[in-house]
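A structural walkthrough
The chain contents come next:
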Amino acid sequence: TDIDIVKNDAVNDAVNDAVNDAVNDAVKDRLKAELLGIIKDNGLSLTQLMKKYLIGRATAQRDMKILRDINFISFVGAPKTGKYMITKKLTQILKS
């Protein structure tokens, strides 16, 4: 739908603007996909991320750290049952 296309473009732009050049294109593409998944599913746990994107625990943790460091996501809830959610900062970027 048009909303999904706008959201995809907004996420692409936001990640490209926020993640520095040290992160290669394959990692940027994975971060964008993970971010869209978090938005679409209203949050994802680390295990859900690993299964959905076929990545290992270390990769999922590293990716979530990158997205946390740029304040696009935060971890909400208990360590065992919590999930990664988008932040107000990203919500505002996507609305603008």
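1. So, the pairing of strand β2 (residues 83-86)
With four bridges connecting them, strand β1 (residues 73-76) and β2 associate as antiparallel partners. Within β2, the residue paired with Ile-73 across the bridge is Ile-86. Counting the residues in the hairpin turn of β1 and β2 gives six residues, including Gly-77, whose phi is positive at 105°.

2. What about helix α2 (residues 25-40)?
Taking 1.5 Å as the rise per residue, α2 with 16 residues should run 22 Å; its terminal C-alpha atoms sit 22 Å apart, in good agreement. The opening residue of α2, the one whose side-chain oxygen lies 3.1 Å from the backbone nitrogen of Ala-26, is Asn-24. Positioned one or two residues after α2, Asn-42 has a phi angle of 55°, which is positive.

3. Focus on the packing of aromatic side chains
According to the stated counting rule, one finds one aromatic pair in the structure shown. The interplanar angle of 70° and the centroid separation of 5.0 Å between the aromatic rings of Phe-75 and Tyr-84 together place this pair among those described as edge-to-face. Judged by its relative accessible area of 8%, Tyr-84 is buried.

Analysis parameters
Residues numbered from 1 in each chain as written. Predicted model: local features only at pLDDT ≥ 70, side-chain atom pairs only at ≥ 80, totals over all residues. Heavy atoms only, no water. Pairing = 2+ DSSP bridges. Helix = DSSP H or I, 4+ residues; strand = E, 2+ residues; numbered from the N terminus. Expected span 1.5 Å × (residues − 1). Polar contact = N/O pair within 3.5 Å; in protein donor to acceptor, adjacent residues only side chain to side chain. Phe/Tyr/Trp six-rings, centres within 6.5 Å; stacked < 30°, edge-to-face > 60°. Buried < 20%, exposed > 50% of the residue type's maximum accessible area, 1.4 Å probe, protein only.

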